[in-house]
Amino acid sequence: GNSVTQMEGPVTLSEEAFLTINCTYTATGYPSLFWYVQYPGEGLQLLLKATKADDKGSNKGFEATYRKETTSFHLEKGSVQVSDSAVYFCALSDQGYSTLTFGKGTMLLVSP
Amino acid sequence: DTGVSQDPRHKITKRGQNVTFRCDPISEHNRLYWYRQTLGQGPEFLTYFQNEAQLEKSRLLSDRFSAERPKGSFSTLEIQRTEQGDSAMYLCASSSAHRGGYNEQFFGPGTRLTVL
């Protein structure tokens with residue numbers, strides 16, 4: 001079956017530091033890949049997505065590249081802000097299906 | 001867009017009681033999903049509807065759970081004879097073929113259920 005594995009958190013960084021959150025997946029087909037973010041007290045928000053190999057999704061300074069050869073979709077940001085503190089979820093949707101399979105989430109804490 | 005809304009936001013109940021949650025999707029979205037999220041875990045799929053038809057149910061959806069979307073707009077999720085293991089955040093999401101595709105789902109704020 002499908003699965004998503006994320007690095008465990010919390011990830012603690014100082015403002016303006018470089019961020020990487022690792023995500024690898026297992027899927028039977030050719031999935032679409034997503035990063036969702038959940039700010040404290042709020043619902044999940046789609047951050048970015050990529051639908052095929054070598055696609056790069058980007059939004060709000062965050063980027064992730066769909067790497068089929070390594071089955072990975074790592075999230076990166078060059079300079080984090082305190083307002084980026086949240087829980088980040090990697091997810092996939094298998095081709096032909098619309099249900100999402102999520103990782104366990106990675107909490108990011110950014111200090112001033 | 002007014003976004004996906006869920007009601008109530010919090011529910012505390014005693015074991016054995018029945019509870020019902022409501023989800024109102026984004027108005028033009030014809031697909032509606034229910035997920036469950038427990039502490040420290042990612043959301044897990046429960047079921048989804050296309051219009052009023054329930055197209056898929058997870059094995060996580062025991063016989064005590066039932067979901068409906070009678071007119072293809074809002075949906076309800078009922079849990080009968082609640083157990084402490086049902087304590088979780090219940091998330092609703094919706095999507096449309098016309099905006100990013102069906103697998104780009106928009107989530108509501110969730111209903112947090114606590115079973116005492």
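Each residue is numbered by its place in its chain's sequence as written, counting from 1. To read the labels, note that chains go from A and ligands from 1, taken in the order they are written. Where totals are concerned, whole chains, interfaces and linings use all residues; where local detail is concerned, this predicted model gives features only for residues with pLDDT of at least 70, and gives and counts side-chain atom pairs only at 80 or more. Think of the side-chain values as coming from all heavy atoms in the structure, minus any hydrogens and water.

**So, the overall build of chain B**
Line of reasoning, step 1. Numbering of helices and strands starts at the N terminus; helices are DSSP runs of H or I of at least 4 residues and strands are runs of E of at least 2. If you tally the helices and strands in chain B, you get 0 helices and 11 strands.
Line of reasoning, step 2. In chain B, the succession of α and β elements from N to C terminus is β-β-β-β-β-β-β-β-β-β-β.
Line of reasoning, step 3. This radius of gyration counts C-alpha atoms alone. The globule rule is 2.2 Å times how many residues there are, raised to the power 0.38. The C-alpha radius of gyration of chain B comes to 13 Å, within 12% of the 13 Å expected for a compact globule of 116 residues.
Line of reasoning, step 4. The buried share of chain B, reckoned over its 116 residues, is 47%. Between buried and exposed lies partly exposed: a residue is buried under 20% and exposed over 50% of the maximum accessible area for its type, with that area taken using a 1.4 Å probe on protein chains only.

**Here we look at the nonpolar core**
Line of reasoning, step 1. The nonpolar core is taken to be a set of buried Ala, Val, Leu, Ile, Met, Phe, Trp, Tyr and Cys residues, with the residues joined through side-chain atoms within 4.5 Å. Counting residues in hydrophobic clusters, the biggest one holds 26 residues, and the most contacted among them are Leu19(A), Trp35(A), Leu47(A), Leu48(A), Phe73(A), Leu75(A) and Tyr88(A).
Line of reasoning, step 2. Those elements that provide at least two residues to this core are β2 (11-14), β3 (19-21), β4 (23-26), β5 (32-38), β6 (44-50), β8 (62-65), β10 (86-93) and β12 (106-111) of chain A.
Line of reasoning, step 3. Listed in part, the 19 residues of the second largest apolar core include Cys23(B), Leu32(B), Leu46(B) and Leu77(B).

**Structural notes on the side chain of Lys77(A)**
Residues and elements named next belong to chain A.
Line of reasoning, step 1. By the secondary structure assignment, Lys-77 is in strand β9 (residues 75-77).
Line of reasoning, step 2. Judged by its relative accessible area of 10%, Lys-77 falls in the buried class.
Line of reasoning, step 3. Under this definition, polar contacts are N or O atom pairs within 3.5 Å; protein pairs additionally need one hydrogen-donor-capable and one acceptor-capable atom, and for neighbouring residues in sequence, both atoms have to be side-chain atoms. At a separation of 2.7 Å, a polar atom in the side chain of Lys-77 contacts the side chain of Asp-84.
Line of reasoning, step 4. We call two residues in contact when some of their heavy atoms are within 4.5 Å. When sequence neighbours within four positions are dropped, the list of residues in contact with Lys-77 reads Ala-17, Phe-18, Leu-19, Lys-60, Gly-61, Phe-62 and Asp-84.

**Re the pattern of salt bridges**
Residue and element names in this part refer to chain B.
Line of reasoning, step 1. Counted as salt bridges are all cases of a side-chain nitrogen of Lys or Arg within 4 Å of a carboxyl oxygen of Asp or Glu. The full count for this structure, using the stated rule, is 7 salt bridges over all chains.
Line of reasoning, step 2. Put simply, Glu-83 and Arg-64 hold a salt bridge, and the shortest N to O gap is 3.4 Å. Of this pair, Glu-83 sits in the loop between β8 (75-79) and β9 (88-95) while Arg-64 is found in the loop between β6 (53-57) and β7 (65-68), placing the two residues 19 residues apart along the sequence.
Line of reasoning, step 3. Given the relative accessible area of 41%, Glu-83 is considered partly exposed.
Line of reasoning, step 4. Here the residues in one salt-bridge network are Arg-64, Glu-83 and Asp-86, joined through shared partners.

**Thoughts on the pairing of β2(A)**
Residue and element names in this part refer to chain A.
Line of reasoning, step 1. Covered by surrounding structure in β2 are Val-11 and Leu-13 only, the residues Thr-12 and Ser-14 on the alternate face being uncovered.
Line of reasoning, step 2. Two strands form a pair only when DSSP identifies at least two bridges running between them. With 4 bridges connecting them, β2 and β12 associate as parallel partners. Looking at β12, one finds that Ser-14 is bridged to Ser-111.

**Here's the deal with the environment of Leu19(A)**
Residues and elements named next belong to chain A.
Line of reasoning, step 1. Here Leu-19 shows up in strand β3.
Line of reasoning, step 2. Residue class for Leu-19 comes out buried when judged on its relative accessible area of 0%.
Line of reasoning, step 3. Along the primary structure Leu-19 and Leu-108 are separated by 89 residues, whereas in three dimensions their C-alpha atoms are 9.2 Å apart.
Line of reasoning, step 4. Here Leu-19 is in contact with Val-11, Leu-13, Phe-62, Leu-75, Glu-76, Lys-77, Val-80 and Leu-108, once residues within four sequence places are set aside.

**Focus: the interface of chain A and chain B**
Line of reasoning, step 1. With 17 residues of chain A at the contact, the number on the chain B side is 21 residues.
Line of reasoning, step 2. The buried area of a pairing is the accessible area, by a 1.4 Å probe, that goes missing from both parts when the two are put together, added over both. Interface area, chain A with chain B, both sides summed: about 1500 Å², of which 51% is carbon and sulfur.
Line of reasoning, step 3. Ranking the residues of chain A by area buried against chain B places Leu44(A), Ser98(A) and Thr99(A) at the top, with a combined share of 33%.
Line of reasoning, step 4. At the surface where chain A touches chain B, the tally comes to 1 salt bridge.
Line of reasoning, step 5. Between Lys49(A) and Glu104(B) there is a salt bridge, and its shortest N-O distance comes to 2.7 Å.
Line of reasoning, step 6. Connecting chain A to chain B are 3 residue pairs in polar contact (both at pLDDT 80 or more).
Line of reasoning, step 7. Every element with two or more residues in the side of chain A that touches chain B is listed here: β5, β6 and β10 of chain A.
Line of reasoning, step 8. Sort the elements by how many residues they give to the side of chain A that touches chain B and β5(A) lands first, with 4 residues.
Line of reasoning, step 9. Each residue gets one of three labels, nonpolar for Ala, Val, Leu, Ile, Met, Phe, Trp, Tyr, Cys and Pro, charged for Asp, Glu, Lys and Arg, and polar for the others, Gly among them. Across the side of chain A that touches chain B, the residue classes break down as 7 nonpolar, 8 polar and 2 charged.

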